[in-house]
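# Residue-level structure breakdown
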Amino acid sequence: MRLFERIVRFGADNRFVGPMFRRLLLPSIIFSTGWALSDIADAVVVGQQLGTVGLAGIAMVLPVYMINCTFAHGFGLGGSVRFSRLMAHGDFGLARDCFGQTIFSALVFSGATAVLGLCGMDVLLAALGASSASPEVLAATREYLAVLVASTPLFYLSNILNYYLYNDDNQRLAVTGAIIGNVSDI
């Protein structure tokens, strides 16, 4: 109970941090829960349809997924924080430019990595260790990796827009979008 009280009272003496923390706590928990349920559903569906071969394919692709997460969150977090600072200083034109530059840079970067990943699929599979796996695991990994790599620009946009919505004081829309995306994934 003391931990819960400490969480609820976090930043109580600060007029911004405390209320913002309490306001974002529930949406963040809902978002994270939806994301976890989406991943669980992926594993259950793949496990039931493809068994251990499909699960091995998912496991082998996880490093690529995590690298995508790192860059997508980097673009989203970095751009949206700069956007918020510019908005707070009344530089609305620069804030719009920041948003456009973030989206453009992320699309160019994610598009390039998608093309490189698709063109260098065999090299990527070898780096992941899939080429030395059984032919069934290699085929499952190749198929899943191709989908993941091809959808990289959409993944980046989803994360970036989510950060911008949060920083534009639109938490409900950000969480709603994330939940719709996770339900669609399930």
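These notes cover the structure that comes with them. (Residues numbered from 1 in each chain as written. Predicted model: local features only at pLDDT ≥ 70, side-chain atom pairs only at ≥ 80, totals over all residues. Heavy atoms only, no water.)

So, on to the overall build of the protein chain. Check the secondary structure of the protein chain and you find seven helices and zero strands. Along the chain direction, N to C, the helices and strands of the protein chain fall in the order α-α-α-α-α-α-α. In the protein chain, buried positions account for 29% of the 186 residues. A separation of at least 24 residues holds for 71% of the contacts in the protein chain among residues at least 6 apart in sequence. As presented, the protein chain carries roughly 11500 Å² of accessible surface, and 68% of it is formed by carbon and sulfur atoms. (Helix = DSSP H or I, 4+ residues; strand = E, 2+ residues; numbered from the N terminus. Buried < 20%, exposed > 50% of the residue type's maximum accessible area, 1.4 Å probe, protein only. Contact = heavy atoms within 4.5 Å. Areas by Shrake-Rupley, 256 points an atom, 1.4 Å probe, with all protein chains shown as cover.)

Going through the model one piece at a time under the given rule, you end up with seven aromatic pairs. Ring centres of Tyr65 and Phe155 lie 5.7 Å apart, and the angle between their planes is 55°; this geometry places the pair in the tilted category. Taken as a pair, Tyr65 in helix α2 (residues 17–88) and Phe155 in helix α6 (residues 152–167) lie far apart in primary sequence, 90 residues in all. Both residues of the pair, Tyr65 and Phe155, belong to the buried class. An angle of 50° between the planes, with centres 5.8 Å apart, marks the rings of Phe75 and Phe109 as tilted. Taken together, the residues Phe75 in helix α2 and Phe109 in helix α3 (residues 92–119) connect sequence positions 34 residues apart. When its relative accessible area of 22% is taken as the criterion, Phe75 is described as partly exposed. (Phe/Tyr/Trp six-rings, centres within 6.5 Å; stacked < 30°, edge-to-face > 60°.)

As a further point, take helix α4 (residues 121–128). The set of residues buried in α4 consists of Met121, Leu125 and Leu128. Angular distribution of buried residues about the axis of α4 spans 65°; they occupy a single face of the element. Turned more than 90 degrees from where α4 packs its buried face, Asp122, Val123 and Ala127 sit exposed. Gly129 occupies a position one or two residues after α4 and carries a positive phi of about 90°. (Arc of directions from axis to C-beta.)

What follows deals with the nonpolar core. Formed by 25 residues in total, the largest nonpolar core has its most connected members in Val64, Leu145 and Phe155. Secondary structure elements with two or more residues in this core: α2, α3, α4, α5 (135–150) and α6. The dominant element in this core, judged by the number of residues it contributes, is α2, at eight residues. Excluding anything up to four places from it in sequence, Leu145 contacts Val61, Val64, Met121, Leu124, Leu125 and Leu128. (Core = buried A, V, L, I, M, F, W, Y, C linked by side-chain atoms within 4.5 Å.)

With that settled, the discussion passes to the packing of α4 against α5. The N-to-C vectors of α4 and α5 enclose an angle of 115°; their axes lie 11 Å apart at closest approach. Crossing angle aside, the handedness with which α4 passes α5 is right-handed. When α4 is examined against α5, the residues Met121, Asp122, Leu124, Leu125 and Leu128 are found in contact with a partner set consisting of Leu138, Thr141, Arg142, Leu145, Ala146 and Val149. (Axes fitted to C-alpha atoms, helices over the stretch in contact; angles between N-to-C directions. Left-handed = near helix turned anticlockwise from the far one by under 90°.)

Quick look at the pattern of salt bridges now. Per the counting criterion, the structure on display carries one salt bridge. Where Asp122 meets Arg142, a salt bridge forms, and the shortest distance between an N and an O atom there is 2.8 Å. In this pair, Asp122 sits in helix α4 while Arg142 sits in helix α5, placing the two residues 20 residues apart along the sequence. According to the relative accessible area criterion, Asp122 is exposed, its value standing at 51%. When its relative accessible area of 33% is taken as the criterion, Arg142 is described as partly exposed. (Salt bridge = Lys/Arg side-chain N within 4 Å of Asp/Glu carboxyl O.)

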